[in-house]
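Report on the structure
Take a look at the letters that make up each chain.
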Amino acid sequence: MSPLPAPASSKNGKVYLTTFRYEGKPAPGSAIFGWAYDKHSPDEFSVWFHNVKTKKYTKARDNWPTRVFGTGKGNGEANVDPLVGVVGTYKLLLAPAGGTNKPKEVFGTSKSFYVAASDFET
């Protein structure tokens, strides 16, 4: 399932995942994503990997600036290094900044993607 774009008239202060793709090569593999925001959105958000089988959350980056581009949209890339060699099926999550073991709330969830052993730097 692809991420859903943000509703144009939304005013609930979230960060919306609008695009997503996973590229395993060259290593390390990267999750490439885009987001949309509105005037009520938080200044920062966090990016997480969620292992579909084990249900474990791994933070890829905390405190990602929401308004980097100042256009209502942004894009970024998170590599799989924080997964420390754990292969499996994952989803990328956008969530409020903070949280230590799992996100408090989820703004957006990507489609599932598979991380292979060859996707990690050796």
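Residues numbered from 1 in each chain as written. Predicted model: local features only at pLDDT ≥ 70, side-chain atom pairs only at ≥ 80, totals over all residues. Heavy atoms only, no water.

Quick look at the side chain of S41 now. With respect to the secondary-structure elements, S41 resides in the loop between β2 (30-37) and β3 (44-51). Looking at S41, its side chain comes within polar contact range of the main-chain oxygen of K14, at 2.5 Å. (Helix = DSSP H or I, 4+ residues; strand = E, 2+ residues; numbered from the N terminus. Polar contact = N/O pair within 3.5 Å; in protein donor to acceptor, adjacent residues only side chain to side chain.)

Let's shift gears to the packing of aromatic side chains. Scanning all chains against the criterion turns up eleven aromatic pairs. Through a chain of ring-to-ring contacts, the aromatic side chains of F20, Y22, F49, Y90 and F113 assemble into a single cluster. (Phe/Tyr/Trp six-rings, centres within 6.5 Å; stacked < 30°, edge-to-face > 60°.)

Below, the discussion takes up the pairing of strand β4 (residues 57-65). Pairing analysis gives six bridges linking β3 to β4, with the strands arranged antiparallel. What sits directly across from H50, in β4, is Y57. (Pairing = 2+ DSSP bridges.)

A separate point is the pairing of strand β1 (residues 15-23). Note: β1 against β2, eight bridges, orientation antiparallel. Residue pairing across strands places R21 opposite I32, the latter belonging to β2. Here β1 folds back onto β2 in antiparallel fashion, the turn holding six residues.

Another aspect to go through is the sheet that holds strand β5 (residues 73-79). Taken in spatial order, the three strands line up as β1-β2-β5 in an open sheet, and their pairing is antiparallel. Pairing within the sheet leaves two strands with one partner each, and these edge strands are β1 and β5. Strand after strand, the sheet turns through a mean of 20° between neighbouring axes, direction not considered. Sheet analysis places β2 next to β5, joined by seven bridges and oriented antiparallel. Within β5, the position partnered with W35 by the bridge is G74. (Axes fitted to C-alpha atoms, helices over the stretch in contact; angles between N-to-C directions.)

Before going further, it helps to spend a moment on the confidence of the model for the protein. Of all residues in the protein, 89% have pLDDT values of 70 or greater, and the mean over the chain is 89. Below a pLDDT of 50 lies the segment residues 4-10, which in the model reaches eight contacts outside its immediate sequence neighbourhood of four places, other chains included. (pLDDT = per-residue confidence, 0-100. Contact = heavy atoms within 4.5 Å.)

Quick look at the nonpolar core now. Ranked by internal contacts, the top residues of the largest apolar core, which has 22 residues, are F33, F45, F49 and L94. Where this core is concerned, the elements lending two or more residues are β1, β2, β3, β6 (88-96) and β8 (113-115). (Core = buried A, V, L, I, M, F, W, Y, C linked by side-chain atoms within 4.5 Å. Buried < 20%, exposed > 50% of the residue type's maximum accessible area, 1.4 Å probe, protein only.)

Under the defined criterion, the tally for this structure stands at five salt bridges. The shortest N-O distance in the salt bridge between E23 and R21 comes to 2.8 Å. Among the residues examined, R21 registers a relative accessible area of 44% and is labelled partly exposed. Of the charged contacts in the structure, one is a salt bridge between R67 and D43, with a shortest N-O distance of 3.1 Å. Of the two residues, R67 sits in the loop between β4 and β5 while D43 sits in the loop between β2 and β3, which places them 24 residues apart along the sequence. (Salt bridge = Lys/Arg side-chain N within 4 Å of Asp/Glu carboxyl O.)

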